[in-house]
Amino acid sequence: MGTFLNQTGGIISTHSSEPDSEDEVLDGVSEVELRSVEVTPGQHGERIDRALAQAASEFSRNYLQQLIDGGAVSLNGQSVSKPAQRVKAGDVIAVELRPTQQSQAFKAQPMDLNIVYEDAHVLVINKPAGLVVHPAPGNWSGTLLNGLLARDPQFASVPRAGIVHRLDKDTSGLMVVARTRAAMDVLVKAIAAREVSRQYLALAQRPWKGAAQVTVDKPIGRDPRNRLRMAVVDLSVSSGKLAKTDVFWLANSVAGCWVRCALHTGRTHQIRVHMASLGHPLVGDALYGGSPEPGMERQALHAFRLAFHHPVTGVWQEFHAEPAVDFLALLALWGLSYNAGAGPGGL
């Protein structure tokens with residue numbers, strides 16, 4: 001039968017901040033599970049969707065109601081169309097459990113992954129721009145999670161397939177993935193304790209002025225005027241979380257600046273929001289006021305350095321990844337050289 005997502009503790013959370021149709025039933029599918037249950041005396045007089053939810057507790061009630069609406073549920077051989085229909089003790093409910101879009105997403109899909117480092121406990125990946133990390137509405141397949149499941153079935157037994165942090169779809173660069181639950185628990189705690197070093201290179205609009213190093217310590221929350229964006233917020237007025245980024249100026253061109261950013265926290269779109277708040281939105285980041293440059297339609301952001309204590313051996317490990325071709329091409333167009341970039345602390 002098809003793979004079903006356990007709504008009470010499935011393989012991964014979509015991390016979507018907006019309501020979505022994660023349980024949308026797929027029509028016209030041939031792979032279904034047929035299940036029938038007898039109504040117990042304790043369920044006498046219950047709504048049929050409630051009784052069905054008790055018999056198929058691994059599925060959300062929303063999903064089961066959609067099955068009723070789709071004609072996949074019958075009561076004593078008669079099709080049911082209303083979730084509020086009452087049942088009696090001894091009634092027989094039959095249901096065709098059909099795959100949902102979300103459940104179909106959690107399948108192994110072979111893909112080429114740029115593996116920087118691998119051992120029995122962790123995997124370090126250089127993610128290309130354009131690759132979505134987690135399945136979510138609009139991207140139910142072809143994600144990094146799908147690729148991890150295809151690379152090693154062991155990832156299916158680790159929550160979120162071992163993904164302990166993420167990069168935006170159009171951000172390239174380094175990510176660490178846990179191959180075991182024990183390694184994942186250690187890495188999650190290390191990230192929460194700010195013991196994992198994550199540094200990024202970015203190309204931003206307008207030449208840099210002022211101090212060569214600044215610290216942006218501004219809370220980030222959902223933009224109250226546009227729910228698709230994040231924004232710097234006043235916590236006394238809006239909900240949000242503390243966010244802190246160190247920004248190091250590396251070089252200027254006539255068109256913009258090249259900077260290195262070090263995260264102290266890991267909020268959604270943190271670098272993109274903080275750079276925009278400084279008046280330097282990232283090149284190509286239309287969501288936060290950036291404009292595209294030749295060959296750079298995405299946000300010009302690359303996670304070039306990742307460092308952490310190995311979750312098992314405790315050894316400090318540091319990894320570097322050169323920016324993608326489009327990033328390097330824009331640097332060259334601006335008259336800047338990646339090899340020449342030193343900056344505070346070096347590259």
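Located above this text is the structure these notes cover.
Residues numbered from 1 in each chain as written. Predicted model: local features only at pLDDT ≥ 70, side-chain atom pairs only at ≥ 80, totals over all residues. Heavy atoms only, no water.

**Student:** What is the right way to read the overall build of the protein chain from this model?
**Tutor:** Scanning the protein chain from terminus to terminus reveals seven helices and 15 strands. A buried classification covers 47% of the 347 residues belonging to the protein chain. Summed over all atoms, the accessible surface of the protein chain reaches about 15,900 Å², with 50% contributed by carbon and sulfur. (Helix = DSSP H or I, 4+ residues; strand = E, 2+ residues; numbered from the N terminus. Buried < 20%, exposed > 50% of the residue type's maximum accessible area, 1.4 Å probe, protein only. Areas by Shrake-Rupley, 256 points an atom, 1.4 Å probe, with all protein chains shown as cover.)

**Student:** I tried to follow helix α4 (residues 144-151) on my own but got confused; where do I start?
**Tutor:** Think of an α-helix as turning once every 3.6 residues; residues three or four places apart then point the same way. Judged by how many residues are buried, α4 sits mostly within the fold: six of eight residues are covered. Turning to α4, its buried residues are Leu144, Leu145, Asn146, Gly147, Leu148 and Leu149.

**Student:** Help me understand the pairing of strand β14 (residues 301-309), please; the structure alone is not making it clear to me.
**Tutor:** Two faces, one strand: in a regular strand the side chains alternate between the faces of the sheet. Judged by how many residues are buried, β14 sits mostly within the fold: eight of nine residues are covered. With six bridges joining them, strand β8 (residues 197-205) and β14 adopt antiparallel strand pairing. Bridge pairing links Leu201 to His302 in β14. The pairing of β14 with strand β15 (residues 316-320) spans five bridges and is antiparallel. (Pairing = 2+ DSSP bridges.)

**Student:** What am I meant to see in the packing of aromatic side chains here?
**Tutor:** The geometry of an aromatic ring pair is captured by two quantities: the separation of the ring centres and the angle between the planes. Considering all chains together, one arrives at two aromatic pairs under this definition. Pairing Tyr117 with Phe319 gives two aromatic rings, centres 5.3 Å apart and planes at 45°, and the pair type is tilted. Taken together, the residues Tyr117 in strand β5 (residues 115-118) and Phe319 in strand β15 connect sequence positions 202 residues apart. Using a relative accessible area of 24% as the deciding quantity, one classes Tyr117 as partly exposed. For Phe319, a relative accessible area of 9% gives the class buried. Chaining the aromatic ring pairs together yields one cluster made of Tyr117, Phe308 and Phe319. Against the face of Phe248 rests Arg260, its NZ or CZ located 4.2 Å from the ring centre. (Phe/Tyr/Trp six-rings, centres within 6.5 Å; stacked < 30°, edge-to-face > 60°. Lys NZ or Arg CZ within 6 Å of the ring centre and 35° of its normal.)

**Student:** Just checking my understanding: could you explain the pattern of salt bridges for this structure?
**Tutor:** Pairing between side chains of opposite charge can happen when the charged atoms of each approach one another. According to the stated counting rule, one finds 12 salt bridges in the structure shown. Residues joined by salt bridges that share partners form a network here, namely Glu118, Arg151, Asp152 and Arg179. (Salt bridge = Lys/Arg side-chain N within 4 Å of Asp/Glu carboxyl O.)

**Student:** Can you help me understand the environment of Lys82 in this one?
**Tutor:** Following the sequence through the fold, Lys82 ends up in the loop between β3 (78-79) and β4 (92-97). Separated by 33 residues in sequence, Lys82 and Asp49 have C-alpha atoms that sit 8.6 Å apart. Sequence-distant contacts of Lys82, that is, excluding residues within four places in its chain, are made with Ile48 and Ile68. (Contact = heavy atoms within 4.5 Å.)

**Student:** In this structure, what is going on with the environment of Phe327? I would like to understand it.
**Tutor:** Positionally, Phe327 belongs in helix α7 (residues 325-333). Between the C-alpha atoms of Phe327 and Ala300, which are 27 residues apart in sequence, the distance is 6.5 Å. Setting aside chain neighbours within four positions, we find Phe327 in contact with Leu201, Ala202, Leu203, Trp258, Met296, Arg298, Ala300, Leu301 and His302.

The values are spatial; any link to function lies outside them.
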